[in-house]
Amino acid sequence: MAERVIEVGGIELCTEAFGDPSDPPVLLVMGTGASMLWWEEGFCRMLAEGGRFVIRYDHRDTGRSVTYEPGRPGYNGADLVGDAARVLDAHEIRAAHVVGVSAGGALAQLLALDHADRVLSLVLISTSAAVPTDRELPPPTEEFTRFVSSAQIDWSDADSVIEYQVACARVLAGDRRPFDEAAARSLVRRDMERARDFAAARNHDSLPEGELPREPLSSIAVPTLVIHGTADPLFPLRHGEALAELIPGGRLLTVEGAGHGVDRADWPTIVPAILAHTAGPRSSRSAPGG
């Protein structure tokens, strides 16, 4: 299915769907600062071929969604949570299985806390708790911290941004597997060429929170699967373990040697796990008020 720019509440968001609309819906929420392309098409099609109606979308300030002047975003973190519900509204879906990676996993948790009726289940990949908890969690690895503190980037220069993004992808992949630089470079280049303004993505680094839910993770009542790599440099494995412990009934799937994100090498592990987890009820095709 071709990309579709929706307009909900005056906000333009670019979405793309895969599969049969009568199948159980799965909404994919990428990390902040990243467009829908980071949910690779092959991954989406594997889920669709498994009998799911899959929707991916561009966050504000990424891809072909609404873009604001760099340094002057007209929205906050709570708006990004609301955008997930807006995408479901546009596709006339009352509730969906929500899969979030990295900061997208935090957005998925907040959606389940603030819009519980829109979420059938959660899959949280390479992420951490979105609300305060009493758990002591380890910081990012020294290598990741060193990269973030020393990286040089010129956001007005496309080549500089590409080199930075590829270097970041290398660090996030962890240190236990070979890094596919050619694939990462191709994805980054396509992402930049497609964006309305690739420099606007940095707005996500300084967003105010807005009005976010304050309920604990223990109030999440939907089935939750946590998927976490053992070599994640941003959120070491303990973050995933804590999520599975804090969310009632949460289950943890560890992926040996995996870093941060959804690596192609892990699709044969992750896709069947998501399909099994989302094999529950189908949602109504009508959105609230529809």
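Attention in this report is confined to the structure presented alongside it. The shown structure was predicted, so the numbers you read here are calculated from the model rather than taken from an experiment. Sequence order as written defines residue numbering, which begins from 1 separately in each chain. Owing to the predicted nature of the model, reporting of local features is limited to residues with pLDDT of at least 70; listing and counting of side-chain atom pairs is limited to 80 or more, with chain, interface and lining totals taken over all residues. Only hydrogens and water are set aside when side-chain values are computed; all heavy atoms of the structure are taken into account.

1. Remarks on the state of the cysteines
Part 1: Cysteine sulfur atoms that come within 2.5 Å of each other are treated as a disulfide pair. One pass over the full model with this rule turns up zero disulfides.
Part 2: Distance from the sulfur of Cys 14, which forms no disulfide, to the nearest cysteine sulfur (Cys 44) is 13 Å.
Part 3: Buried, partly exposed and exposed residues are distinguished by accessible area as a fraction of the type maximum, computed with a 1.4 Å probe on protein chains only: under 20%, between the cut-offs, and over 50%, respectively. Overall, the relative accessible area of 0% leaves Cys 14 in the buried class.

2. Side note on the pattern of salt bridges
Part 1: One side-chain nitrogen of Lys or Arg within 4 Å of one carboxyl oxygen of Asp or Glu is enough to make a salt bridge. As enumerated under the stated definition, the model contains 20 salt bridges in all.
Part 2: For Glu 16, the salt bridge goes to Arg 56, with nearest N and O atoms at 2.6 Å. Here the residue Glu 16 occupies a position in strand β2 (residues 11-18), and Arg 56 occupies one in strand β4 (residues 53-57), the gap between them amounting to 40 residues.
Part 3: On the basis of relative accessible area, Arg 56 is assigned to the buried category, the value being 3%.
Part 4: The residue Asp 266 makes a salt bridge to Arg 177 at a minimum N-O spacing of 2.8 Å. Here Asp 266 is found in the loop between β8 (251-255) and α8 (267-277), whereas its partner Arg 177 is found in the loop between α5 (158-172) and α6 (181-194), with 89 residues between them in sequence.
Part 5: According to the relative accessible area criterion, Asp 266 is buried, its value standing at 5%.
Part 6: It is possible to trace a salt-bridge network through shared partners that takes in Asp 134, Arg 135, Arg 238, Glu 241 and Glu 245. The helix and strand labels rest on DSSP assignments: H or I over at least four residues marks a helix, E over at least two residues marks a strand, and numbering proceeds from the N terminus.

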